[in-house]
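In case you want the letters, here they are:
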Amino acid sequence: MATWRDVRRIVATLPDTAEKATAGDTATWTVHGKSFAWERPLRKSDLAALGKKAPTGAILGVRTADLEMKEILLAADPAFFTTPHFDGYPAVLVVLAKIPAAKLRSVLVDGWLARAPARTAAAFLG
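Small disclaimer: the values here were computed from a predicted structure and weren't measured. (Residues numbered from 1 in each chain as written. Predicted model: local features only at pLDDT ≥ 70, side-chain atom pairs only at ≥ 80, totals over all residues. Heavy atoms only, no water.)

Novice: What's the story with the pattern of salt bridges in this structure? I'm lost.
Specialist: Opposite charge on two side chains allows them to pair when their charged atoms are near. Counted according to the given criterion, the structure contains four salt bridges. Glu19 is paired through a salt bridge with Arg8; the nearest N and O atoms lie 3.0 Å apart. With Glu19 in strand E1 (residues 17–21) and Arg8 in helix H1 (residues 4–11), the pair connects residues that are eleven residues apart, well separated along the chain. A residue is classified by how much of its surface remains accessible, and Glu19, at 42% relative accessible area, is partly exposed. Two residues, Asp77 and Lys103, come together in a salt bridge whose shortest N-O distance is 2.7 Å. Taken as a pair, Asp77 in the loop between helix H3 (67–76) and strand E5 (80–81) and Lys103 in helix H4 (residues 101–115) lie far apart in primary sequence, 26 residues in all. (Salt bridge = Lys/Arg side-chain N within 4 Å of Asp/Glu carboxyl O. Helix = DSSP H or I, 4+ residues; strand = E, 2+ residues; numbered from the N terminus. Buried < 20%, exposed > 50% of the residue type's maximum accessible area, 1.4 Å probe, protein only.)

Next up, the structure:
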């Protein structure tokens, strides 16, 4: 299953990306200054909302193209989940221990495409 090393390896293949440390000493990955993925430890409010269903381990937040894609991912695979904090926001949370690296690549590329400038995305897609 996927690790932070896999996240960094995959992101390194995407054009114009950068990794930045946030105030909480977690990583955020950006394309042209727009975040598309980030480390997202669960907060007290998340744990309270999720209760016993709260996952443990490394959690990655990833942008989605829109709310419809978010719902598709949430319905398709138990590796994806959300919290009330992300209601109405096009992003999913990913339990890295539950997702194969190949599927993680697809999710990260889609998140990158959702935030990359049109020309950069078009050049990447060939």
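Novice: Whenever I open this one, the packing of aromatic side chains confuses me. Can you help?
Specialist: The description of an aromatic ring pair uses the distance of the two centres, along with the angle that the planes make with each other. Scanning all chains against the criterion turns up four aromatic pairs. Measuring from ring centre to ring centre gives 6.3 Å for Trp38 and Phe86, while their planes differ by 25°; the resulting arrangement is stacked. Of this pair, Trp38 sits in strand E3 (residues 34–39) while Phe86 sits in the loop between E5 and strand E6 (91–95); the two residues are 48 residues apart in sequence, bridging distant segments of the chain. Per residue, the accessibility class of Trp38 equals that of Phe86, and both read buried. Ring geometry for Phe86 versus Tyr89: centroids 6.1 Å apart, planes at 45°, classification tilted. Linked through ring pairs, Trp38, Phe86 and Tyr89 together constitute an aromatic cluster. (Phe/Tyr/Trp six-rings, centres within 6.5 Å; stacked < 30°, edge-to-face > 60°.)

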